[in-house]
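Below are the chains, spelled out letter by letter.
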Amino acid sequence: MTSAHLDAVRAVLIDALELLQPAEELRPDTALFGALPELDSFGVVALVGALEDRFDITIGDDEFGAELFETVGTLTDFIDAKVAA
């Protein structure tokens, strides 16, 4: 997967969720929701706010779903599509 936003999404994940792992460990196939204890309901709110700020987008309530936060790749694909829209 090549994405212009992958590194930025990784950085937002690390900052918003206060993760201690290096960015390169967050590969596109890295599981998020259900795999990262930091990504609980509060973590989702913090992450969405950080993504909206970083990418100057709005994520609607109807766009929230487990599939959005399934992996780093699914989240990055979503961001790519939102920024391109």
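Our subject is the structure listed above.
Just so it is clear, the model here is predicted, and its values are computed rather than measured.

For the rest of this paragraph, the subject is the side chain of Thr76. Note that Thr76 resides in helix α3 (residues 72-84). For Thr76, a relative accessible area of 0% corresponds to the buried category. Looking at Thr76, its side chain comes within polar contact range of the main-chain oxygen of Val72, at 2.8 Å.

Here we come to the packing of helix α1 (residues 6-17) against α3. Close contact between α1 and α3 brings their axes to 10 Å; oriented N to C, the two are set at 115 degrees. Crossing angle aside, the handedness with which α1 passes α3 is right-handed. In contact with Leu6, Val9 and Leu13 of α1, α3 contributes Val72, Leu75, Thr76 and Ile79.

Here the focus is the packing of helix α2 (residues 41-55) against α3. Helices that pack against each other are described as a pair by the angle of their axes relative to one another and the distance between those axes. Interaxial distance between α2 and α3 falls to 11 Å at its minimum, and their mutual angle equals 40 degrees. Judged by the angle between their axes, α2 and α3 are oblique. Classified by chirality, the crossing of α3 by α2 is right-handed. Touching Leu47, Leu51 and Phe55 of α2 are Leu75, Ile79 and Val83, all from α3. Class assignment of the residues belonging to the contact of α2 with α3 gives a composition of 6 nonpolar, no polar and no charged.

Thresholds applied
- Residues numbered from 1 in each chain as written.
- Predicted model: local features only at pLDDT ≥ 70, side-chain atom pairs only at ≥ 80, totals over all residues.
- Heavy atoms only, no water.
- Helix = DSSP H or I, 4+ residues; strand = E, 2+ residues; numbered from the N terminus.
- Buried < 20%, exposed > 50% of the residue type's maximum accessible area, 1.4 Å probe, protein only.
- Polar contact = N/O pair within 3.5 Å; in protein donor to acceptor, adjacent residues only side chain to side chain.
- Axes fitted to C-alpha atoms, helices over the stretch in contact; angles between N-to-C directions.
- Left-handed = near helix turned anticlockwise from the far one by under 90°.
- Contact = heavy atoms within 4.5 Å.
- Parallel < 35°, antiparallel > 145°, perpendicular 65-115°, else oblique.
- Nonpolar A, V, L, I, M, F, W, Y, C, P; charged D, E, K, R; others polar.

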